[in-house]
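Letter by letter, the chains look like this.
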Amino acid sequence: MTGPTLTKLHRYNGWNLLFLLFSGILLYVPAVRELGAARVVLRYLHIFSGVASVLLLLQYLPLAAAHWKRLAQRVGQQANVVLLVGLLAGWALTGLVLCMHRYLPPEWAESALRWHDLLTWFAFPWAAAHALTRYFKWHILPVTTEADGRRVFLAGAAAVVGAVAWGSLGRNLGVPGFSPPTAGGGDGPAHAPVGPGTEFVPPVASNPPEGGGGKGRFRVYTVTEIPHFHEGTWNMQVSGLVGRPLKLSWQEFLALPRTVQVSDFHCVTGWSVLHVTWEGVRLSDLLKRAGAGADAAYVKFYSGDGEYTDTLPISVARAEDVMLAYVMDGSPLPTPLGGPVRLIVPRMYGYKSVKWVNGVELIAAAESGYWEQRGYPADAWVQGETGGL
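Just so you know, these numbers come straight off a predicted model, no measurement behind them.

(A) Summary view of helix H5 (residues 75-99). Here H5 spans 36 Å end to end across 25 residues, near enough to the 36 Å set by a 1.5 Å rise per residue. When we look at burial in H5, the residues that qualify are Gln78, Asn80, Val81, Leu84, Leu87, Leu88, Gly90, Trp91, Thr94, Gly95, Val97 and Leu98.

Next up, the structure:
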C-alpha cells in the first residue's frame, strides 16, 4: 500500500510544485501587476498552493521511514528526497514570514523574501533535470549505487559548481534574490543620471546625518515606461484648492529650503532598504507656500509617466518626514527609483511614495491611487506607524 500512496503523493506534489514555481515567477512580472484583482487572485492561489505543499509533506512524513529504507544505496534518489523536503520546508517557512510581514520586524521579511527567491530560482534547474530524467528514464548513475566517498564527493562537487554557475548567471541577469544587499541600496549604478540623456544640473548633496547610507537593495517594479525628462521643460506644479498656484522650474525647485533625513523604505511585498538618507523639499513647506484652501482635505500627486497617481490626507502630507526627494545617499536620485523627484512617505509602504512627481493638487475628496486600483490595500501604513499623525 505504501507504493501506490507514494506514487500519488509524488504526482500531486509534482503538479503542485510546477504551479508554485510559475505562479511565483508570474507575480513578479510587470505585466501581471497590471491585472489588478486578477493578480490578487493569483497571489491567493499561490498561497493556497504553498499550503497544499505543506499538507502533502505532512502526508509523506509517516511514510518517510519505509520510503528511505526502500532507497537504501540509491544515493541519487536519497539526495533528491532530502532536497525536495528542504525546498518545501524552506518555502513554507519563508512564505509564512512573508504572509505575516506586516506584523514582524522588517529585517525578517527582507531575509525571508531573499531566501524565498533563492529557493525558487535554484529549484528551476533541479525540477527540470528531475522531470527529464524521470520522464525519459535516464540513469546518470546505476539505480543502485554504493554510497562510497568518491561518488559522494563528485556529486557534491558537481552540485556546488552548478550552484555557483547558476548563481553567477542570476546575478548577471539581475534576477531578484541573487544580488546580495549592499550599502547604498542601489539597483544599477549608484550614480545613475537624474534623467537619461538629459542635461539636468545635479543637486549638490548636503553632509548626511550620522547613521545614513541605505542598507538593502531596491527592486524596481515599474509597469509603465520609465519617462525621460529635460531640465528646460521639467517643472513642479501645485494646483487645485490653493491660494497661490505654483509652477516651479528645476532651478526654482532646487532653491526651496532643503531638508535632510534618514528613514527606512518598506515595500508591501516584503523587502526593505534601511537607513536611507533622503534630501529634498519638505512637502509641508511647499503646501504652506501655495496656501492650502479651507476645503482642501487631500493631496493628489501626479507622476511624469502620465499614469501613476496617488492621494494622501492633508494631515499625513503635512507630516515632517514626508518630502519630495531629489538626492538619495549623497547622489542625485536615479531615474529608475523615481528621479528627478519622488515622494517619500516613510511610514507607509512604498507604493504610496509616487515616482517622478511633477504635479501636486489639493482636492476635497479622496481618490484611489494607481496601485490601489490594481489590488493593493488601501491601508498602506507600516505596522506600528498608524498613530501620531
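(B) Just the sheet that holds strand E3 (residues 235-240), in detail. Here five strands make up an open sheet; going across it, the order is E4-E3-E12-E7-E8 and the pairing mixed. In this open sheet, the two strands that pair with only one neighbour each are strand E4 (246-249) and strand E8 (309-313). Ignoring strand direction, the axes of neighbouring strands in this sheet form an average angle of 15 degrees. Contacting E3, E4, strand E7 (298-303) and strand E12 (357-363), helix H9 (residues 283-290) crosses the sheet at an angle of about 125 degrees to E4.

(C) Molecular detail of the pairing of E7. Direction of pairing for E7 relative to E8: antiparallel, over a ladder of five bridges. Each bridged residue has a counterpart across the sheet, and for Tyr302 the counterpart in E8 is Thr309. Here E7 folds back onto E8, and the loop between the two strands holds five residues, one of which, Gly306, carries a positive phi near 85 degrees. Here six bridges tie E7 to E12, and the two strands are oriented antiparallel to one another.

(D) Summary view of a nonpolar patch on the surface. Among the surface-exposed residues, Phe19, Val41, Tyr44, Leu45 and Phe48 lie close enough to one another that they form a single nonpolar patch of about 490 Å² accessible area. At four residues, helix H3 (residues 37-60) tops the list of elements feeding residues into the nonpolar patch. By secondary structure assignment, the location of Tyr44 is in helix H3.

(E) Layout of the environment of Tyr351. Of note, Tyr351 is situated in the loop between strand E11 (342-344) and E12. Its relative accessible area of 5% is what places Tyr351 among the buried residues. It is 6.6 Å that separates the C-alpha atoms of Tyr351 and Trp371, two residues lying 20 residues apart in sequence. In contact with Tyr351, not counting residues within four places along its chain, are Val268, Tyr308, Asp310, Trp371, Glu372, Tyr376, Pro377, Asp379 and Ala380.

(F) Summary view of the packing of aromatic side chains. Taken as a whole, this structure holds 14 aromatic pairs when the rule is applied. Relative to Phe253, the ring of Trp234 lies with its centre 5.8 Å away and its plane at 65 degrees, an arrangement referred to as edge-to-face. One end of the pair, Trp234, is in the loop between strand E2 (215-216) and E3; the other, Phe253, is in helix H8 (residues 250-254), and 19 residues separate them in sequence. Assigned by exposure class, Trp234 and Phe253 land together as buried.

(G) Representation of the environment of Gln261 within the structure. With respect to the element layout, Gln261 can be found in strand E5 (residues 259-266). Assessed through its relative accessible area of 12%, Gln261 is described here as buried. Sequence separation between Gln261 and Glu320 is 59 residues; the distance between their C-alpha atoms is 9.8 Å. A polar contact is formed between the side chain of Gln261 and the backbone oxygen of Asp321, at a distance of 3.1 Å.

(H) Local environment of the pattern of salt bridges. Tallying each qualifying case throughout the model produces six salt bridges. With a shortest N-O distance of 2.9 Å, Glu279 and Arg258 are connected by a salt bridge. Taken as a pair, Glu279 in strand E6 (residues 272-282) and Arg258 in the loop between H8 and E5 lie far apart in primary sequence, 21 residues in all. Residue class for Glu279 comes out buried when judged on its relative accessible area of 1%.

Calculation notes
- Residues numbered from 1 in each chain as written.
- Predicted model: local features only at pLDDT ≥ 70, side-chain atom pairs only at ≥ 80, totals over all residues.
- Heavy atoms only, no water.
- Helix = DSSP H or I, 4+ residues; strand = E, 2+ residues; numbered from the N terminus.
- Expected span 1.5 Å × (residues − 1).
- Buried < 20%, exposed > 50% of the residue type's maximum accessible area, 1.4 Å probe, protein only.
- Pairing = 2+ DSSP bridges.
- Axes fitted to C-alpha atoms, helices over the stretch in contact; angles between N-to-C directions.
- Contact = heavy atoms within 4.5 Å.
- Patch = residues over 30% accessible without salt bridge, like charges linked within 9 Å, V, L, I, M, F, W, Y side chains within 5 Å.
- Areas by Shrake-Rupley, 256 points an atom, 1.4 Å probe, with all protein chains shown as cover.
- Salt bridge = Lys/Arg side-chain N within 4 Å of Asp/Glu carboxyl O.
- Phe/Tyr/Trp six-rings, centres within 6.5 Å; stacked < 30°, edge-to-face > 60°.
- Polar contact = N/O pair within 3.5 Å; in protein donor to acceptor, adjacent residues only side chain to side chain.

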